[in-house]
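Chain by chain, the residues run as shown.
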Amino acid sequence: MTQPYPRLLSPLDLGFTTLRNRVVMGSMHTGLEDRSRDIGRLAEYFAERARGGVGLIITGGYAPNRTGWLLPFAAQMTSSADARQHRRVTAAVHAAGAETKILLQILHAGRYAFHPLSASASSIKAPTTPFRPRRLSGRGIEATIDDFVRAAALAREAGYDGVEIMGSEGYLLNQFLAPRTNRRTDAWGGSAEKRRRLPVEIVRRTRAAVGADFIICYRLSMADFVPDGQSWDEIVALAQEVEEAGATLINTGIGWHEARVPTIVTSVPNSAFAGITHALAQHVAVPVIASNRINMPEAAEQILTDTDVSLISMARPLLADPAWVRKVSADAADEINTCIACNQACLDHVFVHKTVSCLVNPRAGHETTLTLQPTRSARRVAVVGAGPAGLAASVTAAQRGHLVTLFEAHPHIGGQFDLARRIPGKEEFAETIRYFTRMLDKHGVDVRLGVRATAADLAGYDDVVLATGVTPRIPAIVGIDHPMVVSYAEALTGTPVGRTVAVIGAGGIGFDVSEFLTTAHSPTLDRREWMAEWGAVDPWQARGAVTTPLPTAADREVYLLQRSAGPQGRRLGKTTGWVHRASLRAKGVEQLCGVNYERIDDSGLHISFGSDRRDPRLLEVDNVVICAGQDPVRDLDAALRRTGLCAHIIGGAAEALELDAKRAIEQGTVLAARL
Ligand code: FAD
Ligand code: NAP
Ligand code: SF4
């Protein structure tokens, strides 16, 4: 058999060691790093990815000292006791995938730290934390270098194959590199050469301490996406000096955490930044790793074939599917459970101190507790509804050996998620539907499309799972039956909508529908347009890689309304909400809060404000689109109870409030794991 992805699956000889393929599981904080009692879970989490065949794993960030903690008492590598603990991780990885290599990432948060001990190049507060950092003294800088070197030596003691030195995303080393945050005039600032002295010294002294046969990867910010960031000449010079100082690999970092350019969310074009990595790779001899928004093998193979990039980093895609490489090797890319870059169960969890997991793979981070054992007694299971909840339940139950029949009223699977994929910027949600389609087939689920199941259809099964989901709520507004009123489901599936529109309800769906109505074609599918929208340029075009945003004109005039007080969109995702809010602002969507819906008639939507119904206003719109939440669809439950059958109810059918696909898929998986 010819190799399906010859470049991606080819080994990479680093001289003293070899990587089994070109796939790197990039660093990602999981929350399991921060408590020593979780080290066993962390070991199994990485071991599962090693069994899946990944070439190189990079751990979440470990601070080299207390000052570098991200949070109080965050993960650190500062003592032999720490190193001894980590032997469980390195041993598990090396035992699981004999050839998989693992690096410890050393991360000093600098001014991004959420604690009062923080320190940076200059005493300039970050917009993302309440703490003003102390300016490191010359002695403090020397001590910091020593701490990085000690952390690397301890990593070697712990059995790691190397370290990654975190120099990007706006953390300490990046803060020294950019005029934005380094206003020093001593030996560590004042010129580009002096600003890059700290990272270069760290690499040089680390190499001297760990010897020649230990991987040192340097994560280098190739586009800061902040004003007063680095210039391209400075980035190239840094790469060359880091190489000369002893780095084995250079990894790509894109954008500071405070950047107002999205860098990893779903709406960022696929492979958007690979061209920047390619440009950098032309200036150094060491292998360079591309990163951000690369999630499928075709794109990865194309980058490796068409550019000077040597490796592809994928953190979230390996969270979503630990067997990613194994499936690629077996030429079964259509079986990959693709990361859709939603951040909902991974990065959003980090910000609320919850263990990281994955919307499409609830086992991620819970490998030791959510196990899927083959069943010893196959049961006949009927699942009603092929939305995310029913799909997850069907596939998981069938995978365990149960005999599953799935009923779906529509002629296609997906439920509400099939509407989500129509939103500009959410195109990749279709990959989840593709994945489930393939898994239903692979695991032999009997899929009955276009069948609205009745209680009679469900007689005779050992288990019945109601995953009948939700239906759009119809609010009690005078004139709600007017022909100008359409539901979000109708608007998204082709019902014509005029040029001026009022959207009732500013939850996640109201935001998405407003985006849909104002966007003629998705900038996610056109990198040049997307960069212009966000004021991003390639780093050789401007210092910091930013310029004035040039959003395309809105396709419609949209009013987005809610009854409660503003601002709108407070419940959107922690790490993605700002992107949605900024998009609607750029499209000139008029956001109105504290609204009363008085009536709808031929002249439009009549509203007033506040409990005293002040400031009556007529919105002369062509259409009113209703996005006022959902109600559960549970009528079958009552019918089943009358026949004496007690069904399992999951997803939106169980509870519509604040329902999302994360909860739906998790409930389906957990239930099926127990059947
Ligand atoms: P549903 O998706 O409602 O599926 C229920 C299914 O059951 C339907 O296909 C229905 O036809 C079928 N059914 C009902 N009764 C019967 C019957 N008697 N017989 C046979 N079939 C039946 N969530 C996120 O997490 N992130 C997002 O970014 C996101 N974006 C969204 C954007 C939009 C525009 C929309 C509309 C939703 C979005 N969601 C998002 C929400 C997410 O899609 C829902 O939370 C999820 O689909 C709910 O899953 P479910 O399986 O419980 O129900
Ligand atoms: P939602 O977030 O609960 O928002 C419903 C909106 O409708 C609110 O703005 C609410 O605001 C309004 N509303 C509720 N009842 C109303 C009534 N009777 N009359 C008029 N207005 C009413 O629900 P959703 O937007 O339908 O989204 C459903 C779920 O999908 C969400 O929970 C979300 O998690 C998920 N989703 C997620 C994303 C994402 O990007 N992560 C995107 C889309 C959807 P007022 O009460 O203030 O008017
Ligand atoms: Fe990817 Fe979303 Fe899973 Fe995070 S939660 S790994 S972004 S699919």
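Residues numbered from 1 in each chain as written. Chains lettered and ligands numbered in written order. Predicted model: local features only at pLDDT ≥ 70, side-chain atom pairs only at ≥ 80, totals over all residues. Heavy atoms only, no water.

J.: Looking at this structure, how should I read the overall build of the chain?
T.: When its secondary structure is counted, the chain shows 21 helices and 27 strands. A globule of 675 residues ought to have a C-alpha radius of gyration of about 26 Å, and the chain, at 26 Å, matches this closely. Taken along its principal axes, the extent of the C-alpha atoms in the chain is 75 × 65 × 45 Å. Here the chain holds 675 residues, and 61% of them are scored as buried. Restricting to contacts in the chain with at least 6 residues of sequence separation, those with at least 24 account for 73%. (Helix = DSSP H or I, 4+ residues; strand = E, 2+ residues; numbered from the N terminus. Rg over C-alpha atoms; globule rule 2.2 N^0.38 Å. Buried < 20%, exposed > 50% of the residue type's maximum accessible area, 1.4 Å probe, protein only. Contact = heavy atoms within 4.5 Å.)

J.: What is the right way to look at the packing of helix 13 (residues 388-399) against helix 15 (residues 429-442) in this model?
T.: Pairs of packed helices are described in terms of their axes, by the angle between the two and the distance that separates them. One way to put it is that helix 13 packs onto helix 15 with a least axis distance of 9 Å and a crossing angle of 35°. For helix 13 against helix 15, the interelement crossing comes out left-handed. Contacts from L391, A392, S394 and V395 in helix 13 reach F436, M439 and L440 in helix 15. The residue inventory of the contact of helix 13 with helix 15, partitioned by class, reads six nonpolar, one polar and no charged. (Axes fitted to C-alpha atoms, helices over the stretch in contact; angles between N-to-C directions. Left-handed = near helix turned anticlockwise from the far one by under 90°. Nonpolar A, V, L, I, M, F, W, Y, C, P; charged D, E, K, R; others polar.)

J.: Help me understand the UniProt feature "domain: FAD/NAD(P)-binding" (unreviewed entry) in the chain in this model?
T.: Look at the UniProt record and you will see "domain: FAD/NAD(P)-binding" (unreviewed entry) annotated at residues 380-636. Summarising residues 380-636: 26% helix, 25% strand, and an end-to-end C-alpha distance of 19 Å. (UniProt positions renumbered as here; feature names shortened; annotations may be inferred.)

J.: Looking at this structure, how should I read the sheet that holds strand 20 (residues 557-561)?
T.: Two pairing modes exist for strands in a sheet, parallel and antiparallel, and in both the strands are linked by backbone hydrogen bonds. The sheet built from five strands is open, its strands ordered 18-25-19-20-21 with parallel pairing. Among the strands making up the open sheet, the edge pair consists of strand 18 (485-487) and strand 21 (590-592). Taking each pair of neighbouring strands and ignoring which way they run, the sheet shows an average axis angle of 25°. Pairing of strand 19 (residues 500-504) with strand 25 (residues 623-626) involves four bridges; the strand directions are parallel. (Pairing = 2+ DSSP bridges.)

J.: What am I meant to see in the sheet that holds strand 15 (residues 446-449) here?
T.: Spatial ordering of the open sheet is given by 15-14-13-16-27, a layout of five strands whose pairing is parallel. At either end of the open sheet lies a strand with only one pairing partner, and these are strand 15 and strand 27 (648-649). As paired strands, strand 16 (residues 463-466) and strand 27 are joined by two bridges and run parallel to one another. In the sheet register, V465 faces strand 27, and the bridge partner there is H648. Together, strand 13 (380-384), strand 14 (403-408) and strand 16 form the strand contacts of helix 13, whose direction differs from that of strand 14 by roughly 160°.

J.: I tried to follow the packing of aromatic side chains on my own but got confused; where do I start?
T.: Centre-to-centre distance and the angle between the planes together describe a pair of aromatic rings. Applying the stated criterion across every chain yields a total of 10 aromatic pairs. The interplanar angle of 55° and the centroid separation of 5.0 Å between the aromatic rings of Y45 and F46 together place this pair among those described as tilted. Measuring from ring centre to ring centre gives 4.9 Å for F417 and F429, while their planes differ by 15°; the resulting arrangement is stacked. Placement of the pair is F417 in helix 14 (residues 417-420) and F429 in helix 15, with a sequence separation of 12 residues. What makes F417 buried here is its relative accessible area of 8%. The positively charged end of R197 is found above the aromatic ring belonging to W188, 3.8 Å away from the centroid. For R260, the ring lying beneath its charged end belongs to W578, and the centroid distance is 4.1 Å. (Phe/Tyr/Trp six-rings, centres within 6.5 Å; stacked < 30°, edge-to-face > 60°. Lys NZ or Arg CZ within 6 Å of the ring centre and 35° of its normal.)

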